[in-house]
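Summary of the model geometry
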Amino acid sequence: MEFVKGVNLHFIPTSKYKTNRIKIRFSAPMSKDTISGRVLVASMLETANRVYPTSQSFREHLANLYGADFTTNVFRRGLVHCVDIDLSFVRDIFLSRKYSLVDELLDFLHAALFYPLVEGEGFEQATFDIEKKNLLLDLEAENENPYYYAHQELNKLFYEQQEMKLPRLSEIDLVAQETSISSFAIFQKMMLEDQIDIFFMGDFKKEELLTKMQKFSFQERTVNLYLQYRQPFSNVLKEGFDTKEINQSILELGYHFPVQYGEEAHMPLMILNGLLGGFAHSKLFANVREKECLAYTITSQMDIFSGFLRIYAGINRNQRTKALTLINRQIIDIKRGKFSDEDLEQTKSMLKNALFLSYDRQITLLEDAYMAENFGKKFLTLKSRLNSIDSVNKMNIMEVAKDIKLQAIYFLEGKG
């Protein structure tokens, strides 16, 4: 339901889990100007506020609320950057005495959002400096991971739009420019302009919650979000190359596809990815790694929200051409229908099992509510996905495979 314009409440009643969960999601267009500030805002909200002004007092209060857990997370989906505040806590029925945590936890959330730790026109400087330093150290560590580095370099080659090249946690040079004042200004912008989705999952009394939520004085807003990104295929193959002192080399391939979320070819494409490199029986694993011994590790990943199929492999540097040829051969074989009915049925079965397992997690139900809000009739329920998987045949796979085209190659050459 709409709390105020642009602020949505989602009630997901369930007694399946021992914990209740409250999630607040801020969604805004991905932008180079705001990404670093948003990441630092998430860190500040998770650390302290004016009611609990130190990390110790912040965590002690949560511990006193039967070990409630307060975390933040940042991620991207298409051209949207999301900042999540996540609060999970024991359901009242499992407490040792008759007691309700909801009031106190909503007070805690209210303090985080409406009484942030500020001094003057910015976040409190000492705490901000610590969080900024920690973020810079995290990004430096990420960049030292050769696979993370190779992933980001392929992204820069593959995507045309600047916002799609940005990693979800920003970049070192952008974070370095942020100040306590600029980051707090971005937090104020989030509170005034972001689409806000508030999820209540578990054992809640809806009418009481609505009354308690009145103290959250959000203003109306209008937000245009583009959870899907589509770029045209370019006939120009983009290539990148670097060297690093690492033990093995990394080959990354970026393939373009035109299918978007909720379209008829969505599930055939999911199954194609499973056949290609998503599971242990897949072609890349069976033929490139096991049979030909050309890769230490190899897999494929598909981003339905941006038309991007990634294949990456850890290889010996002198096997680059051979590995590339054999990887492309696996895609050509799928396009020609060179896969067995047994492989297709096994892939469909494993994909359905993965879906069933995902619905054992609270986050899946929360994401479903968010996707339903933003995609409307195009939203895929669990039932619709399962039915679609069952109906996919070999010709469907071959048809969707025709549109998968190599767009970018990145090679990180190591010592091995």
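Residues numbered from 1 in each chain as written. Predicted model: local features only at pLDDT ≥ 70, side-chain atom pairs only at ≥ 80, totals over all residues. Heavy atoms only, no water.

Within an unreviewed UniProt entry, the label attached to the protein chain reads Zn-dependent peptidase, and the organism entered is Streptococcus massiliensis.

1. Re the overall build of the protein chain
When its secondary structure is counted, the protein chain shows 16 helices and 13 strands. In summary, the protein chain has a C-alpha radius of gyration of 23 Å against a globular reference of 22 Å for 416 residues, a match within 12%. Projected onto the principal axes, the alpha-carbon positions of the protein chain cover approximately 60 × 45 × 40 Å. The buried share of the protein chain, taken over its 416 residues, is 53%. Sequence-distant contacts, at least 24 apart, represent 82% of the contacts inside the protein chain between residues at least 6 apart. Summed over its atoms, the accessible surface of the protein chain is roughly 19200 Å², and 50% of this surface lies on carbon and sulfur atoms. In the protein chain, 51 positive and 55 negative side-chain charges are present, and the distance between their average locations comes to 6 Å. (Helix = DSSP H or I, 4+ residues; strand = E, 2+ residues; numbered from the N terminus. Rg over C-alpha atoms; globule rule 2.2 N^0.38 Å. Buried < 20%, exposed > 50% of the residue type's maximum accessible area, 1.4 Å probe, protein only. Contact = heavy atoms within 4.5 Å. Areas by Shrake-Rupley, 256 points an atom, 1.4 Å probe, with all protein chains shown as cover. Lys, Arg positive; Asp, Glu negative; His and termini not counted. Charge placed at Lys NZ, Arg CZ, Asp CG, Glu CD.)

2. Quick notes on the pattern of salt bridges
Where charged atoms of side chains with opposite charge meet at close range, the side chains can pair. What the rule picks out here adds up to 23 salt bridges. One salt bridge in this structure joins D86 and K23, with 2.9 Å as the shortest N-O distance. Separated by 63 residues along the polypeptide, D86 in strand β5 (residues 80-90) and K23 in strand β3 (residues 19-29) bring together distant segments of the chain. Given a relative accessible area of 3%, K23 falls into the buried group. (Salt bridge = Lys/Arg side-chain N within 4 Å of Asp/Glu carboxyl O.)

3. Observations regarding helix α15 (residues 382-391)
Within α15 the residues assigned to the buried category are R385, L386 and I389. Down the axis of α15, the sector holding all buried residues measures 95°, keeping them to one side. As for α15, its buried residues are in contact with α10 (266-278), α13 (341-358) and α14 (362-375). (Arc of directions from axis to C-beta.)

4. Description of the UniProt feature "domain: Peptidase M16 C-terminal" (unreviewed entry) in the protein chain
In the UniProt entry, the feature "domain: Peptidase M16 C-terminal" (unreviewed entry) is given for residues 187-351. Helix and strand shares over residues 187-351 are 38% and 22% respectively, and the end C-alpha atoms of the span are 39 Å apart. (UniProt positions renumbered as here; feature names shortened; annotations may be inferred.)

5. Digging into the nonpolar core
Formed by 60 residues in total, the largest nonpolar core has its most connected members in L251, I311, I327 and I397. Here this core gathers at least three residues from each of two domains, domain 1 (2-214) and domain 2 (238-414). (Core = buried A, V, L, I, M, F, W, Y, C linked by side-chain atoms within 4.5 Å. Domains from an automatic or database assignment.)

6. Structural notes on the pairing of strand β11 (residues 297-303)
In this structure, β11 lies alongside strand β12 (residues 308-315), joined through 7 bridges in antiparallel fashion. Bridge pairing in β12 links T299 to Y312. The turn linking β11 back onto β12 is made up of 4 residues, and G307 within it adopts a positive phi angle of 65°. (Pairing = 2+ DSSP bridges.)

7. A few points about the pairing of strand β8 (residues 195-202)
Within β8, 8 of the 8 residues are buried, leaving the element largely enclosed by the surrounding structure. Both strand β2 (residues 7-13) and β8 contribute to a ladder of 7 bridges, which runs parallel. Of the residues in β8, the one forming a bridge with N8 is D197.

8. Points about the packing of aromatic side chains
Within the structure shown, the criterion is met by 22 aromatic pairs. An angle of 75° between the planes, with centres 5.3 Å apart, marks the rings of F123 and F184 as edge-to-face. On the criterion of sequence distance, the pair formed by F123 in strand β7 (residues 122-123) and F184 in helix α8 (residues 180-193) is long-range, its members being 61 residues apart. In this structure, F123 and F184 share a single accessibility class: buried. (Phe/Tyr/Trp six-rings, centres within 6.5 Å; stacked < 30°, edge-to-face > 60°.)

9. Topic: the sheet that holds β3
The strand order β1-β2-β8-β3-β5-β4 describes an open sheet built from 6 strands, whose pairing is mixed. Only two strands of the sheet have a single neighbouring strand rather than two, namely β1 (2-4) and β4 (69-77). This sheet shows a mean twist of 20° between the axes of neighbouring strands, independent of strand direction. Two strands pair when backbone bridges link them, and β3 and β5 are joined in this way by 11 bridges, in the antiparallel orientation. Across the sheet, residue R25 finds its bridge partner in β5, namely D84. Running over the sheet, α14 touches β2, β3, β4, β5 and β8 and is turned about 140° from β8. (Axes fitted to C-alpha atoms, helices over the stretch in contact; angles between N-to-C directions.)

10. Things to note about unusual backbone geometry
The phi dihedral of S170 falls on the positive side, at around 75°, and the residue is not glycine. Among the secondary structure elements, S170 is positioned in the loop between α6 (162-165) and α7 (172-177). When its relative accessible area of 2% is taken as the criterion, S170 is described as buried. At C293, a residue that is not glycine, the phi angle is positive and equals roughly 55°. With respect to the secondary-structure elements, C293 resides in the loop between α11 (283-291) and β11. Of the residues examined, C293 reaches a relative accessible area of 60% and is grouped as exposed.

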